[in-house]
Amino acid sequence: MFKDYNKYLSASLKVYIFVLVIISILKIVGLDYFGIDSNNPILVEIDKLFENRYLLDFYYLITLTFYTYVVVSISCDSINSVKYTLLTLPISYLVQNSKYWFGLSNISIVVDFVYLFLLCIIYNKIYKTISYKKLTKRFIIYNIISFLIQLVSYITRYKYKIEYDYGFITNFILNFDYMILTVIIYKLAFMKGVDSVCIYQTEVGSFLQKKQNLKKSLQELRKNFQSNLKNFKKYNKEEKLTFILYLTFSFIWNVLSVLLILLFARLNYSFVECIFILTSFWLSKSKFGKAFHFNSMAVCFVVSNLTYFILNRVTTPLGISIFVPILLGVGLSYFTSKLVKKTYKTLYRGMPIDLFNDTILKVVDKNSQKYNICKEFYIDNVTDLSLSFKYNYSVAGIRKIKERINEKIKELN
């Protein structure tokens, strides 16, 4: 079930960035409803515990070590940097405290940036995992975009004025979502390859690609509407009335279902969190395909309300995290899509890369020559003749490989 959970992580990242941009715009226009909850009773008790300077230093050291491991791993394209990161603990401790000993807190970001870059250079000098040009490129891309996301989150959830000493609770809450984000980026980078995803570029998506997808979706929507309208005109009066009543009652039923879900959320003091969960679910549905539905509307109604009630109870308040409700909403979309029995069609030219991978990886390995041949033919539009020269096969041999792959896919249905 979790074999392709990279889709879940990717969708969660996209929804998070989308939501972060939206609430940033809301704050700019004066709707500041997503600030941090520094009065949370549990965090207040934890804050009292961390009044001990040594515990506070330990917390900051652990977070710096975590970020060091991620930055070194992604920049140097290596997942074996655990020992190296642990060996840097004493130095990290000195660097962390030197910012306060020498009054460098105002340039803390610059100090951390230089320190982490030097660690990456030293690691690569020892293990020679990547060229220094690629290392520098990855390091800069990762850190600049990470800084921008942190900055937007800071302004959105705290204040416009940058501060460097804002207490443990504020620091913890501001870091909580960012640590989740960092783990997701780390996992995606090594599941898809850092160069192929360019760390953030693929996940955030280019504007032109999104514009093209939106245009395609609108064209399909218009085509479906015109087709349905054409069919509707062919109905007799009784069939038209039945169709209109069906759409009306279906709309009313869905609206009542959502309102009831929100009502239960309101009674459980998780109204806004529920909106985040619902929004994340709807935004990510297209990523995973068709969601699961029960045959009975009554059963679907009960299970939906019960599911959202449970999610509303287990989610964290928005004052602590806006990422957790998003993870739950996207997770619900991902899980329900897995309950749908999929029918795999044969490969065809011009098919989306996600559908291509979802189909062909059921029968061949991604690192195999057969996968590369099919990808170049069906996705990159390379001819059979060119493939025969590249892979040292006859044209008939290339065609035979494609036929066998499609026959295996048909056997899945």
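Residues numbered from 1 in each chain as written. Predicted model: local features only at pLDDT ≥ 70, side-chain atom pairs only at ≥ 80, totals over all residues. Heavy atoms only, no water.

The biggest cluster of nonpolar side chains holds 49 residues, and the ones touching the most others in it are Tyr16, Leu181, Ile184, Phe276, Phe323 and Ile326. Elements with a contribution of two residues or more to this core: helix H1 (6-28), helix H3 (53-76), helix H6 (108-127), helix H7 (132-157), helix H8 (168-192), helix H13 (271-288) and helix H15 (323-338). The leading source of residues in this core is H1, at 10 residues. Sequence-distant contacts of tyrosine 16, defined by excluding residues within four places in its chain, comprise Ile149, Ser153, Asp177, Leu181, Ile322, Phe323 and Ile326. The next biggest cluster of nonpolar side chains, apart from the first, holds 16 residues, and it includes Tyr371, Ile373, Cys374 and Phe377. (Core = buried A, V, L, I, M, F, W, Y, C linked by side-chain atoms within 4.5 Å. Buried < 20%, exposed > 50% of the residue type's maximum accessible area, 1.4 Å probe, protein only. Helix = DSSP H or I, 4+ residues; strand = E, 2+ residues; numbered from the N terminus. Contact = heavy atoms within 4.5 Å.)

This part is about the packing of H13 against helix H14 (residues 297-314). One way to put it is that H13 packs onto H14 with a least axis distance of 10 Å and a crossing angle of 120°. If you check the angle between H13 and H14, you find them oblique. Both H13 and H14 take part in a crossing whose hand is right-handed. Contact with H13, carried on its side by Cys274, Ile277, Leu278 and Phe281, involves Tyr308, Leu311 and Asn312 of H14 and no other residues of that element. For the contact of H13 with H14, the residue count by class is six nonpolar, one polar and no charged. (Axes fitted to C-alpha atoms, helices over the stretch in contact; angles between N-to-C directions. Parallel < 35°, antiparallel > 145°, perpendicular 65-115°, else oblique. Left-handed = near helix turned anticlockwise from the far one by under 90°. Nonpolar A, V, L, I, M, F, W, Y, C, P; charged D, E, K, R; others polar.)

A separate point is a nonpolar patch on the surface. On the surface, Ile109, Val110, Phe113, Val114, Leu118, Ile122, Ile126, Tyr127, Ile140, Ile144, Phe147 and Leu148 cluster together into a nonpolar patch covering about 1100 Å² of accessible area. Tallying contributions element by element places H6 first for the nonpolar patch, with eight residues. For tyrosine 127, the position within the fold is in helix H6. (Patch = residues over 30% accessible without salt bridge, like charges linked within 9 Å, V, L, I, M, F, W, Y side chains within 5 Å. Areas by Shrake-Rupley, 256 points an atom, 1.4 Å probe, with all protein chains shown as cover. Salt bridge = Lys/Arg side-chain N within 4 Å of Asp/Glu carboxyl O.)

Now for the side chain of asparagine 406. By secondary structure assignment, the location of asparagine 406 is in helix H19 (residues 395-412). Relative accessible area serves as the criterion here: at 13%, asparagine 406 is assigned to the buried category. Aside from chain neighbours lying at most four places away, what touches asparagine 406 is Thr346, Leu347 and Tyr378.

What follows covers the pattern of salt bridges. Overall, the coordinates contain five salt bridges when judged by the stated rule. When the shortest N-O distance is used, the salt bridge between glutamate 376 and lysine 390 registers 2.8 Å. You can see glutamate 376 sitting in helix H17 (residues 369-378) and its partner lysine 390 sitting in helix H18 (residues 384-391), a full 14 residues away along the chain. Its relative accessible area of 56% is what places lysine 390 among the exposed residues. For aspartate 384, the salt bridge identified is with arginine 399, shortest N-O distance 3.1 Å. Of the two residues, aspartate 384 is situated in helix H18 and arginine 399 in helix H19; the sequence distance between them amounts to 15 residues.

Locating valine 95 in the fold gives a position in helix H5 (residues 89-101). Along the sequence, valine 95 and tyrosine 115 sit 20 residues apart, while their C-alpha atoms lie 8.0 Å from each other. Setting aside its immediate chain neighbours within four residues, valine 95 contacts Val111 and Tyr115.

The subject of this paragraph is the packing of aromatic side chains. Scanning all chains against the criterion turns up 12 aromatic pairs. Aromatic pair tyrosine 67 and tyrosine 178: ring centres 5.3 Å apart, planes at 45°, arrangement tilted. Here tyrosine 178 lies in helix H8 and tyrosine 67 lies in helix H3, a separation of 111 residues in the sequence. Under the relative-accessibility criterion, tyrosine 178 is labelled buried at 10%. Note on phenylalanine 117 and phenylalanine 139: the rings are 5.1 Å apart at their centroids and 55° apart in plane angle, and the pair reads as tilted. Note that phenylalanine 117 is positioned in helix H6 and phenylalanine 139 in helix H7, a separation of 22 residues in sequence. Note on phenylalanine 117: relative accessible area 25%, which makes it partly exposed. Through a chain of ring-to-ring contacts, three or more aromatic side chains come together here, namely Phe66, Tyr67 and Tyr178. Note that arginine 349 overlies the ring of phenylalanine 377, its terminal NZ or CZ placed 3.9 Å from the centroid. (Phe/Tyr/Trp six-rings, centres within 6.5 Å; stacked < 30°, edge-to-face > 60°. Lys NZ or Arg CZ within 6 Å of the ring centre and 35° of its normal.)

Before going further, it helps to examine a positive patch on the surface. Side chains of Lys370, Lys400, Arg404 and Lys408 sit close together on the surface and give a patch of like positive charge. Ranked by residues supplied to the positive patch, first place goes to H19 with three residues. Turning to its location among the elements, lysine 400 is positioned in helix H19. (Lys, Arg positive; Asp, Glu negative; His and termini not counted. Charge placed at Lys NZ, Arg CZ, Asp CG, Glu CD.)

When pLDDT is averaged along the protein, the result is 79, and 80% of the positions lie at 70 or above. Across residues 193-214, confidence stays below pLDDT 50; counting only partners more than four residues off in sequence or on other chains, it has 34 contacts. (pLDDT = per-residue confidence, 0-100.)

The next thing to look at is the environment of proline 90. Mapped onto the fold, proline 90 is located in helix H5. Considering only alpha carbons, one finds proline 90 and leucine 61, 29 residues apart in sequence, at a separation of 9.3 Å.

Bringing H17 into the picture now. Taken together, the buried positions of H17 are Tyr371, Ile373, Cys374, Glu376, Phe377 and Tyr378. On the buried face of H17, the contacting elements are helix H16 (353-360), H18 and H19.

So, on to the environment of isoleucine 122. Tracing the sequence through the fold places isoleucine 122 in helix H6. Sequence spacing of isoleucine 122 and tyrosine 84 is 38 residues, and the spatial spacing of their C-alpha atoms is 9.9 Å.

Our next topic: H16. Every buried residue of H16 is accounted for by Phe356, Asn357, Asp358, Thr359 and Ile360. In this structure, the buried side of H16 is in contact with H1, H17 and H19.

With their axes 10 Å apart at the nearest point, H1 and H13 run at an angle of 130° to one another. With respect to each other, H1 and H13 are oriented oblique. Once H1 is placed against H13, the crossing between them reads as right-handed. Taken together, the residues of H13 that come into contact with H1 (itself represented by Lys7, Tyr8, Ser10, Ala11, Lys14, Val15, Phe18, Val19 and Ile23) are Phe276, Ser280, Leu283, Ser284, Lys287 and Phe288. A class-by-class count of the residues in the contact of H1 with H13 yields nine nonpolar, three polar and three charged.

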